[in-house]
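Residue-level structural notes
The residues making up each chain are set out below.
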Amino acid sequence: MTTQQQPPVLSIEGIIKDYPGVRAVNDVSFSVESSTVHCLIGENGAGKSTLIKMITGALLPSQGNMKINGAPYAPTSTQNARENGVATLFQELHVVDELSVLENLTLGMEQSRFGFLIKSDLEERVIQTLASIEPSINPAARVSSLSVAQKQIIEIARAASSGASVIIMDEPTASLSEREVERLFTVIRKLRSQGVTVIYISHKLDEIIALGDTVTVLRDGKHIVTKPLSEVSGRPELIDMMIGRCVFESYTPRNNLSEEVILSAKGLSNNMLKNVSFEIKKGEIVGFYGLVGAGKTEIARALFGADEVAGSIVFKGEKVGGSPKEAIAAGIALVPEERRTQGLFTNLTIRENIPVMNLRRMSNNGIFRADAELSAATHYIDQLRIATSSIEKHTEKLSGGNQQKVVLAKCLFSKASLLLLDEPTRGVDVGAKTEIYDIIRNLADEGNSVAVFSSELEEVLGICDRIFLLYTGSLESEIINGPDVDINDILNIVTGGNRGVTA
Amino acid sequence: MNVPIKTNTALSENRRLSDQMYITLLVASVAIGLFLIASVFVPNFFQLQNMLNLVTNNWAVISLGVGVTFLLVSGNFDLSVGGIVALSGVLSVWFAQSIGSSNALSSGLGLPYWVALLGALAGAIAIGGLNALFVVKFRIPSIIVTLGTMMVARGIAQVITQGSQRNTNLPDEFGVLGSLKVFGTSMQLPVVFMGLLLLAAIFIERKMVFGRITYWVGANPVAARLSGIDNAKHITYLYLFSAAIAGVVGILLSSEYQSGYSNRGLLMEFDALVIALLGGIAIAGGFGSVIGMFFGAIILAVVTSAATGLTLSPDWQYILKALAVFLAIVAQTWALARRNK
Ligand SMILES: Nc1ncnc2c1ncn2[C@@H]1O[C@H](COP(=O)(O)OP(=O)(O)OP(=O)(O)O)[C@@H](O)[C@H]1O
Ligand SMILES: [Mg+2]
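If you're wondering where the values come from, they're calculated on a predicted model, not measured in any experiment. (Residues numbered from 1 in each chain as written. Chains lettered and ligands numbered in written order. Predicted model: local features only at pLDDT ≥ 70, side-chain atom pairs only at ≥ 80, totals over all residues. Heavy atoms only, no water.)

1. Notes on the overall build of chain B
Convention followed: Strands here mean DSSP runs of E at least two residues long; helices mean DSSP runs of H or I at least four residues long; both are numbered from the N terminus. Radius of gyration: over C-alpha atoms. The globule rule applied is 2.2 Å multiplied by the number of residues raised to the 0.38 power. Per-residue accessibility, obtained with a 1.4 Å probe over protein chains only, is compared with the maximum for each type, and a residue is labelled buried under 20%, exposed over 50%, and partly exposed between these values. Every residue pair with non-hydrogen atoms within 4.5 Å of one another is taken to be in contact. Shrake-Rupley sampling with a 1.4 Å probe provides the accessible areas, and residues are treated as covered by the protein chains on show and by no other component.
When helices and strands are tallied, chain B shows 15 helices and two strands. For 341 residues, the compact-globule estimate of 2.2 N^0.38 gives 20 Å, and chain B sits close to it at 22 Å. Counting only C-alpha atoms and orienting by the principal axes, one finds that chain B spans roughly 80 × 55 × 40 Å. A total of 341 residues make up chain B; the buried ones form 52% of that total. In chain B, 76% of the contacts between residues at least 6 apart in sequence involve partners at least 24 apart. Counting every atom, chain B has about 15300 Å² of accessible surface; 69% of that belongs to carbon and sulfur.

2. Section: the sheet that holds strand β14 (residues 276–281) of chain A
Residues and elements named next belong to chain A. The condition is simple: The pairing criterion is simple: DSSP has to find at least two bridges between the two strands.
One open sheet holds the four strands; their spatial order is β14-β13-β16-β17, and the pairing between them is antiparallel. Looking along the sheet, the strands with just one partner apiece sit at the ends: β14 and β17 (318–319). With five bridges joining them, strand β13 (residues 261–269) and β14 adopt antiparallel strand pairing. Along β14, the bridge assignment pairs Leu263 with Ile280.

3. Observations regarding the interface of chain B and chain A
By convention, interface size is frequently given as the accessible area that disappears when the constituent parts associate. Let me state the cut-off plainly: Buried area counts how much accessible surface, traced with a 1.4 Å probe, disappears from two parts once they are put together, with both parts' losses summed. For this analysis, a salt bridge means a side-chain nitrogen from Lys or Arg found within 4 Å of a carboxyl oxygen belonging to Asp or Glu. Think of a polar contact as two N or O atoms within 3.5 Å of one another; within protein, one of them needs to be a possible hydrogen donor and the other a possible acceptor, and neighboring residues in sequence only count if both atoms come from side chains.
Contacts between chain B and chain A engage 37 residues on the former and 52 residues on the latter. Summing the contributions of chain B and of chain A, the shared interface buries around 3700 Å²; its carbon and sulfur component is 58%. Applying the counting rule to chain B against chain A returns one salt bridge. Linking B:Arg212 and A:Glu373 is a salt bridge whose minimum nitrogen-to-oxygen distance equals 2.5 Å. For the pair chain B and chain A, the interface holds eight residue pairs in polar contact (both at pLDDT 80 or more). Among the secondary structure elements, those contributing two or more residues to the side of chain B that touches chain A are α1 (8–13), α9 (189–207), α10 (209–219) and α11 (221–226) of chain B.

4. Here we look at the domain arrangement of chain A
Residue and element names in this part refer to chain A. Spelled out, the test is: The start and end points of each domain follow an automatic or database-based domain assignment.
The domains assigned to chain A are domain 1 (10–243) and domain 2 (261–494). If you average the C-alpha positions of domain 1 and of domain 2, the two centres end up 29 Å apart. Contact residues are listed per partner, giving 28 residues for domain 1 and 27 residues for domain 2. With both sides pooled, the region where domain 1 packs onto domain 2 buries about 2000 Å², and carbon together with sulfur makes up 56% of that total. Among the residues domain 1 hides against domain 2, the three largest losses belong to Asn44, Val148 and Glu178. Together they make up 27% of the total. The interface formed by domain 1 and domain 2 includes one salt bridge. Glu458 is paired through a salt bridge with Arg235; the nearest N and O atoms lie 3.5 Å apart.

5. As for α9(B)
Because each turn of an α-helix spans 3.6 residues, side chains separated by three or four positions end up pointing in the same direction. Residue and element names in this part refer to chain B. The criterion, for reference: Between the first and last residue of a helix there are one fewer steps than residues, each counted as 1.5 Å, and that sum is the expected span.
For α9, built from 19 residues, the straight-helix expectation of 27 Å at 1.5 Å per residue is met to within 8% by its first-to-last C-alpha distance of 26 Å. Along α9, the positions that sit buried rather than exposed are Pro190, Val191, Val192, Phe193, Met194, Leu197, Leu198, Ala201 and Glu205. Where α9 is buried, its residues meet α3 (48–56), α4 (59–73), α8 (176–179), α10, α12 (231–257) and α14 (290–309).

Listed below in structure tokens is the structure:
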């Protein structure tokens, strides 16, 4: 076959990237064949994002070479990479809130002649791509009015319609729900059949198996293996290659659950929520599951007092929901949806990030307890295995999953008796996920309550005792977790299936 | 290696100089370097007395810089301090002047001296409250709000002094505060005030929860709110403190000169901002320190006094200041970027 003679579309030869105190990428070499989906996996901080930033010109390698179609390739900027046919979807969102969806989609791709923008089929193409992934987004809408997931979709559509021959996606599905993931996969497969190569990074191993042709594993910055997925026996083998050991996650019913209601919400309504009522019991782990836009984040924020909501929220016999300050004082803590904009102080260090939600423990008559801060930070770096060269590292320099762990640490340190976790393991690797699940279970066993708001069904089914299913802002159904939950039924409900013909 | 580090000792051994320390050291070395360079070129520059003067002559701006620094770190501007200096000075004079002179500018409210001072301070704090109200409640950008209140404060001072000054009919004790020598030395009370203020500010910034909250609020207000910080209350306190400092400065200055002058403190708000920026405080918030601001003040003082020493016409001072600020900011941005590469 002719493809055998073709040089690989991208080959990476001995790439190294050093940061002060860290070798983030350590002598990595592999090649990517044309018209394939090439998956890149590895633990948090393994160096995946760093590697692809070098491929797309956002970072310069300390050493090593790259080739595109056999020709030397050393991109100096993302613009330069795009001219070489490499487009990227970075882990962090890069949409401009003030512009419309369409303007965002064509941003940086406008064709110009003599400084004037010229009309091309570009607009047509991006609108089509967007519609094939998520038809409900209006191209004329302002991006600031969209949810995080919808913004993510915009970015995907932008990369997919850029006409590039290599598209790199760093955790594109981290904030998407199953349905959108399915649509994205259809788009990716279509791109592949048109000769586009996709480099795909994800911690969701099922996606890798469903979508990938080849997989490359990184561990501690080093290249472990590159092999066709057809030769991989399954999930356990992937996990084993990634972290060198096996992890399991399945729900084991927790007994001796208390009947004591710790929080009761009645008739929560705002522009998103429609008369939502539920109760959370002491020591219980409840899940809120629904598609993007179903109202999970809105419920979490309402309980925490971050948004205004009609209805009543009673926690331990007292009304809450007035402000986050009040919520924290009452013993409720939140891990917000978006770690970089809502959770972290990115220009401060890990140490300085952790104590913020528990000032009472951090201070002595207004004097800050530096010793307590240091030991708390050290404790959580250890417990959550935050991969960092130093406790003094600025959180913006951590890998995505490790940033998420810092946000979680902040929240754990609050010692709240009700934790609201909005997508708590977004961007966290499988190994760390199970550790976080263990922490959640332990907290619950100690009598704390945990509410997990997640668009990952696996996560909800893995740890929650009780699951609330949401559809477009209303609470459709409640199920008790156990061995005989019907997944099809759940998927049916969260897609509006039990609304009858009117839905 | 990027493996998670397990033990306490390993983590602390690995502690690098923080960006904050790095920039502060940078600013301090620039200040000292400039001083040495100036000593070579300017006759009689390298003298202990001159070094002291660089600080003591600038007590007013450095004091204002403390409030401005905290606000900048929290992500807010305070351009009103110069206006407040004029207002509180004029108020203290007007309140203390005795009643019933035929000349309108010689006739005040005749309040007891201490009441006059408290009244002046209250006037200053009221401007701070106005700042907080508009910034926090109505969410108007602080640069606009404080530009407005600066003019309001100075405007009131102008009305009270009819665009000139009040300096007659004052009680004898009026001039004492501003020229009081402390501890039997030549150290004047205002300088001592600045010194204590600096110490208190550094303590608050480094050691107190209040200081840390200022960084959190400035670094990411959304995350701060979702972490249970009451941003509104905190920023309100900061504006009140900054205004109170400016009020005291105004009172001390009017006592030193024994007059209330509506143009006093003119452009001091810009000098306070300039020394903060020279001192490495990030305009975007969440970064900077009072010590940095202090060395920023030294840089500015060395530049301007060296210029005077070289008998450069004062007309050149603006350009010199502008150059110093520009260079300082470029250097800091460059240094941080290089370091984080
Ligand atoms: N600007 C930087 N300065 C210093 N160290 C950095 C910087 N950026 C990344 N690192 C370090 O490089 C290592 C690799 O990070 P990278 O973001 O590539 O991980 P990743 O594999 O994408 O992880 P994740 O799955 O969590 O996103 C981490 O240890 C990180 O702390
Ligand atoms: Mg990453």
